[in-house]
Amino acid sequence: MRQAFLYIDPGTGSMLFSLFMALATTAVFVGRELLIRLKFILSGGRAKKADSKRIPYVIYSDHKRYWNVFKPVCDEFERRGIDVVYYTQSPDDPALSELYKHVRAEFIGEGNKGFARLNFLKADVVLSTTPGLGVYQWKRSRDVKWYVHILHMASDPSTYRMFGLDCYDAVMLTGPYQEGQIRSLEEMRGIPAKELPVIGCTYMDTLKARLDAMHEYGRNESGDKRILLAPSWGSSGILSRYGGKIIDSLLATGYKLVVRPHPQSFTVEKPLLDKLMALYPDSDRLEWNMDNDNFSVLHASDILITDFSGIILDYALVFRKPVIYADTAFDPAPYDAAWISNPPWIFEILGKIGVRLDETDFPRMKVIIDSAIVSSTLDFGRDLVCSECWSNIGSSSSHAVDYLIAKQSSL
C-alpha cells in the first residue's frame, strides 16, 4: 500500500521535469550572469572575448526518421568544408555512421536526458525539425542566439500541434503558400514575426534524385497490384476512424496490401496498432511496413490510400502516382489550424491530385482503385500543386545552408 504513494504518472512526471528544468535553467543563468558581471568589474571594465566553446551551427534531431530531412543539409555543409555539430536522440541514427570530416554526429541521450543537454546549449544557430520548442521539455537556451525550424513536409505548418512553431526565430518553408498561415498565427497571438525563407523540401529533393537515378520508373515488377495504406496519426487518421473496416475492404480487392502507420502512431496510439496487427498479421496478402526509409515502399506500390498525411505530396509529386484520400472528418482542435478560419491548404488541393473516398465507397473499393490507376486527368493538378508547395526543386539544401551561413554571420 505504501508504494502506491510513490507512483507519479507520466504526465505529472513530465510537468515536474519541465518545472525543475525551468528553475534549474534560471538559477544557472542568473549565477552565470552575476559571475560575468563580477569578472567585468574586477578586470577594470574590459570586454571579455567570446566564449570559445560556443558552437556556430547545431542540427538537432529528436528521431532517426528525420535523417532524410537533414542528410542533404549535412552533405552541403560537408561539401563546403564548414564544421557543424549534429545532435540526435536516436542511438541508431544513420548520421552516427556517416564518415564526414566536417559534420560531427553525437547521441545526446533519449528523453529528458537529451532535453537537459539542449536546454543548456551554447550555440549561434540551431536547426531542427522538432515542433514544440519552449512548450514541452525542450526549452530555449539563453546561450543560443537563433533557432530555425525546417519543415519535414510540404504540407500545412498549421497541422502541427498547437503552438508548435511559436518559439522559433525562423521557419524554413517548402513553398510560398505556407507563409500566410504562420503570419496569421503570429498576428492573432501577438508574437514577433519570424523570418520565413522559402528553401524548398530537402527530403523530397532526395527522393526525386534517387528516382531520377533509376533506369525505369516502373511500378512493382511482379504484375500484382500493390496498395499502400499510409495514414496520419491521431483521432482524425484513417486507422483511428475506420480501423479494420478499411483493411477488410482493401483485402477484398485481391491486391497486395502494405500498411505503413505513421511512426508517431507507435507512441500515441500503440494499443490501436497492437490490436490491428494482431487481427491482421503479416501474410502473403498483407504486410506491415515500418522501414525508416520509405523510398522502396513508395516506389513498389501502385496506389496510395491516405488521409491528410504529408506523404500524399511525396507520392503524387515525386512518384507521380495516383492517390485516394479518405474523408476522415478532420478535427482541427489539437492543431494550430483551429486558430485559422480557412481550412488547411491540403484539403483544398486534395481533389486536384487524388480521388476522394467515403466510407460508403468501401464495397466498391476495387473499381475505384482500378479507375484511379489508369486515370490521366490528375497530371495538370499535380503540376499546379507542385508550384505552390515545392520550391527550388533539386537545390533546397543549398538554399538552406546559404540562409544558415548568412544568419550566423549577421549574429
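Since the structure is predicted, the reported quantities are computational estimates derived from the model, not experimental observations.

(A) Representation of the overall build of the protein within the structure. The number of helices and strands found in the protein is 15 helices and 12 strands. In the protein, buried positions account for 50% of the 411 residues. Long-range pairs, those at least 24 residues apart, make up 69% of the contacts in the protein with a sequence separation of at least 6. Per element, the accessible surface of the protein, about 19600 Å² overall, is 57% carbon and sulfur.

(B) Seen up close, the packing of helix 11 (residues 311-318) against helix 14 (residues 379-389). Relative orientation of the contacting elements helix 11 and helix 14 amounts to 125 degrees, with a least axis distance of 10 Å. With respect to their mutual orientation, helix 11 and helix 14 come out oblique. Along this stretch, helix 11 crosses helix 14, giving a crossing that reads as left-handed. Mapping the contact onto sequence places Leu313, Ala316 and Leu317 in helix 11 and Arg382, Val385, Cys386 and Cys389 in helix 14.

(C) Here's a closer look at the side chain of Ser232. Take Ser232: it is sitting in the loop between strand 7 (226-229) and helix 6 (238-242). Once residues within four sequence positions are removed from consideration, Ser232 is found in contact with Gly237, His262, Ser265, Glu269, Asp307, Phe308 and Ser309.

(D) A look at helix 11. Within helix 11, 8 of the 8 residues are buried, which leaves the element mostly enclosed by the surrounding structure. The complete set of buried residues in helix 11 reads Ile311, Ile312, Leu313, Asp314, Tyr315, Ala316, Leu317 and Val318. Where the residues of helix 11 are buried, they touch helix 5 (202-212), helix 10 (295-300), strand 10 (303-306), strand 11 (323-326), helix 12 (345-353) and helix 14.

(E) A look at the packing of aromatic side chains. As enumerated under the stated definition, the model contains 11 aromatic pairs in all. Measuring from ring centre to ring centre gives 3.9 Å for Tyr177 and Trp345, while their planes differ by 25 degrees; the resulting arrangement is stacked. Of this pair, Tyr177 sits in the loop between strand 6 (170-172) and helix 4 (178-189) while Trp345 is found in helix 12, placing the two residues 168 residues apart along the sequence. On the basis of relative accessible area, Tyr177 is assigned to the buried category, the value being 16%. Sitting over the ring of Phe295, Arg210 keeps its end group 4.2 Å from the ring centre. Over the face of the ring belonging to Trp146 we find Lys407, whose NZ or CZ atom lies 4.1 Å from the ring centre.

(F) Local environment of the pairing of strand 1 (residues 55-61). Most of strand 1 is tucked away: 6 of the 7 residues are buried. Bridge count for strand 1 against strand 4 (residues 123-128) is 5 bridges, and the pairing is parallel. If you follow Ile55 over to strand 4, its bridge partner there is Ala123. As judged from the 4 bridges shared by strand 1 and strand 2 (residues 84-88), these two strands associate in the parallel manner. From the neighbouring strand, Tyr60 faces strand 2, where its bridge partner is Tyr87. Viewed along the sheet, the connection from strand 1 through helix 2 (residues 67-80) into strand 2 turns out right-handed.

(G) Inspection of a nonpolar patch on the surface at higher detail. A grouping of Val135, Tyr136, Phe163, Met188 and Trp339 is seen on the molecular surface, where their side chains present a nonpolar patch of about 450 Å² in accessible area. Here Met188 lies in helix 4. A residue is classified by how much of its surface remains accessible, and Met188, at 43% relative accessible area, is partly exposed.

(H) Looking closely at the sheet that holds strand 1. If you walk across this open sheet you meet the 6 strands as 3-2-1-4-5-6, and the pairing is parallel. The outermost strands of the open sheet, each flanked by one partner alone, are strand 3 (103-107) and strand 6. Averaged over all neighbouring strand pairs, the angle between strand axes comes to 25 degrees, with direction disregarded. In this sheet, strand 5 (residues 144-150) lies alongside strand 4 in parallel orientation, the contact comprising 5 bridges. Among the inter-strand pairings, Ala123 is bridged to a residue of strand 5, identified as Val144. The sheet contacts of helix 2 involve strand 1, strand 2, strand 3, strand 4 and strand 5, and relative to strand 1 the element is tilted by about 155 degrees.

(I) Molecular detail of unusual backbone geometry. Here Phe163, not a glycine, exhibits a phi torsion of approximately 70 degrees, which is positive. Here Phe163 lies in the loop between strand 5 and strand 6. According to the relative accessible area criterion, Phe163 is partly exposed, its value standing at 32%. In the Ramachandran plot, Asn392 falls in the positive-phi region, its phi being about 50 degrees despite a non-glycine side chain. Residue placement: Asn392 occurs in the loop between helix 14 and helix 15 (396-410). Given the relative accessible area of 26%, Asn392 is considered partly exposed.

Rules used throughout
The numbers attached to residues start from 1 for each chain and follow its sequence in the written order. In keeping with the model being predicted, local features are shown solely for residues with a pLDDT of at least 70 and side-chain atom pairs are shown and tallied solely at 80 or more, while totals for entire chains, interfaces and linings include all residues. Side-chain figures throughout are based on the complete set of non-hydrogen atoms in the structure, without hydrogens or water. Secondary structure follows DSSP: runs of H or I at least 4 residues long count as helices, runs of E at least 2 residues long count as strands, and numbering of each begins at the N terminus. Relative accessibility under 20% of the residue-type maximum defines a buried residue, over 50% an exposed one, and the middle range a partly exposed one, all with a 1.4 Å probe and only protein chains included. Contacts were defined at the residue level, with two residues in contact if any of their heavy atoms lie within 4.5 Å. Here the Shrake-Rupley method, with its probe set to 1.4 Å, supplies the accessible areas, and only the displayed protein chains count as covering residues. For helices, the fitted axis covers only the stretch in contact; all axes are lines through C-alpha atoms, and the angles between them, taken along N-to-C directions, range from 0 to 180 degrees. Between 65 and 115 degrees an angle is taken as roughly perpendicular, under 35 as roughly parallel, over 145 as roughly antiparallel, and anywhere else as oblique. Here a crossing is taken to be left-handed if its near helix is turned anticlockwise relative to the far helix by less than a right angle, and right-handed if that turn runs clockwise. Each pair of aromatic rings taken from Phe, Tyr and Trp, with Trp reduced to its six-membered ring, is defined by centres within 6.5 Å and is described as stacked if the planes are under 30 degrees apart, edge-to-face if over 60, and tilted in the remaining cases. Any Lys NZ or Arg CZ found within 6 Å of a ring centre and within 35 degrees of that ring's normal is scored as a charge over the ring. Strand pairing is assigned whenever DSSP identifies at least 2 bridges connecting the two strands. For the handedness criterion, the strands are oriented away from the viewer, and a crossover whose path from the first strand over the helix to the second runs clockwise is classed as right-handed. The patches described consist of residues with a relative accessible area above 30% and no salt bridge, like charges being joined within 9 Å and nonpolar side chains (Val, Leu, Ile, Met, Phe, Trp, Tyr) within 5 Å. A pairing counts as a salt bridge when a side-chain nitrogen of Lys or Arg comes within 4 Å of a carboxyl oxygen of Asp or Glu.

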